[in-house]
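This is what each chain is made of:
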Amino acid sequence: MDEVPEDWERALAIVAHPDDLEYGTSAAVAKWTGQGKTVTEVLATRGEAGIDSMDPAEVRRIRSAEQVEAARIVGVREVEFLDLPDGTLEYGLPLRRALAAAIRRHRPEVVLSINFRETFPGGGFNMADHRALGLAVADAVRDAANRWVFRDLGLEPWRGVRFALFGGSPQPTHYVNVTGHLRAGIDSLLAHRVYFAELGAGFDAEAFLTGAAEAGGKQAGVEHAMTFEMIES
C-alpha cells in the first residue's frame, strides 16, 4: 500500500451526510490543515432523515451545526451544504452536475469522498446515498474538467484535480499516516453529540476510530493510518 502524496495545497471533501467524514477521514484532514493546507467541505444533504425520533426540520438544524463544529475541530473553515434530500440521493446527471459545479467553484487539487462500493470493509452492505454520492464524485471530477459538459453552469472547467480519495473502501490502495492526529479525528466524531445520543446505540467513537487507525497502521507499517481507495485523474 502506497502513502498518499502530500505535495498539494487545496482539497475538497464531498460527502452525503453530516458525520460521513468523521469516521476516519477527518483525522487525515486534521493532519493536512496542520500542515497549512486548505480543506473545504461540501455536503450533499443536511442529514435530516437521520434521526427517526425527531422532526426532520429540527434534525436538519442540529446536524448542520454539529457538522460545522466537527469541521472546525480539524481546521476546516468552510462548510457548504447543497441541500439535496437526505435518504433519496440518486446517481445521475443532476447529481453529477451539482458536484461538478462544486469542483469548478472550489478548484481543488485533491478530492475526498466516501466509499462507493456495495460493501464496507468486513462485508456490511453500504447504504444507497453513499453509493450514489461516491460514484457521482468519481465521475464529476472528470465532468468538471470537460469544457463541453455542463456548459450552462457558467463556470470555467477545472482540470487541476490530481486524484480522488474514497474513505472506508473495501479495496484500499493508499494510506495517510495519522499518527499524532487521531485525537482530533475522535473529537470531530464526538461533535455529532445529539445524533449519537438520539440513536441510543451506545456507539464508542474513540474505540471505533482507534481500532480503525491501528488496523490501517498495521497495513501501512506505522502506528496509526487511515486507508483510502485512490482514483487518479
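Before reading on, note that the structure itself is shown above.
Numbers given for residues are sequential positions, taken from 1 along each chain in its written order. Where totals are concerned, whole chains, interfaces and linings use all residues; where local detail is concerned, this predicted model gives features only for residues with pLDDT of at least 70, and gives and counts side-chain atom pairs only at 80 or more. Values reported for side chains reflect all heavy atoms of the structure, with hydrogen atoms and water molecules removed beforehand.

(A) Structural detail: unusual backbone geometry. Unusually for a residue other than glycine, Asp19 sits at a positive phi of about 90°. Strands are runs of DSSP state E lasting at least two residues, helices are runs of H or I lasting at least four, and both sets are numbered from the N terminus onward. Mapping Asp19 onto the fold places it in the loop between strand S2 (10–15) and helix H1 (25–34). For Asp19, a relative accessible area of 4% translates into the label buried. Although it is not a glycine, Phe150 sits at a positive phi angle of roughly 55°. Position of Phe150 among the secondary structure elements: in the loop between helix H4 (128–145) and strand S6 (163–167). Exposure is judged per residue with a 1.4 Å probe applied to protein chains only, and the accessible area is read against the type maximum: over 50% gives exposed, under 20% gives buried, and values in between give partly exposed.

(B) Inspection of H4 at higher detail. Under the 1.5 Å per step criterion, the end-to-end length of H4 is 26 Å for 18 residues, consistent within 8% with the ideal 26 Å. In this analysis the local bend is the angle between axes fitted, respectively, to the seven residues ending at and the seven residues starting at the residue. Taken as a whole, H4 carries its principal kink of about 30° at Asp139. Three or more residues of H4 are buried, namely Asp129, His130, Ala132, Leu133, Gly134, Ala136, Val137, Ala140, Val141, Asp143 and Ala144. Elements that come into contact with the buried residues of H4 comprise S2, helix H3 (93–106), strand S5 (110–114) and S6. The span expected for a helix works out to 1.5 Å for each residue beyond the first. Throughout, a residue-residue contact means that at least one pair of heavy atoms, one from each residue, lies within 4.5 Å.

(C) Representation of the packing of aromatic side chains. Stacked, tilted and edge-to-face are the three classes assigned to paired rings of Phe, Tyr and Trp, where Trp is represented by its six-membered ring and a pair needs centres within 6.5 Å; plane angles under 30 degrees give stacked, over 60 edge-to-face, the rest tilted. Taken as a whole and assessed by the stated rule, the structure comprises four aromatic pairs. Plain terms: the ring middles of Trp8 and Trp32 are 5.1 Å apart, the flat faces sit at 70° to each other, and that makes the pair edge-to-face. Of this pair, Trp8 sits in the loop between strand S1 (2–3) and S2 while Trp32 sits in helix H1, and the two are 24 residues apart along the sequence. Look at Trp8 and you get buried, because its relative accessible area is 0%. Consider the rings of Tyr23 and Phe208, whose centres lie 5.8 Å apart with planes at 90°: the pair is edge-to-face.

(D) Just the pairing of strand S3 (residues 38–43), in detail. The buried count for S3 comes to five of six residues, which makes it a mostly enclosed element. Across six bridges, the pairing between S2 and S3 is parallel. Opposite Ala13, over in S3, you have Glu41 as the bridge partner. This β-α-β element, S2 to H1 to S3, shows right-handed connectivity. We treat two strands as partners when DSSP finds at least two bridges between them. By the bridge criterion, three bridges tie S3 to strand S4 (residues 79–81) in an arrangement that is parallel. Look down the strands so they point away from you; if the path from the first strand over the helix to the second goes clockwise, the crossover is right-handed.

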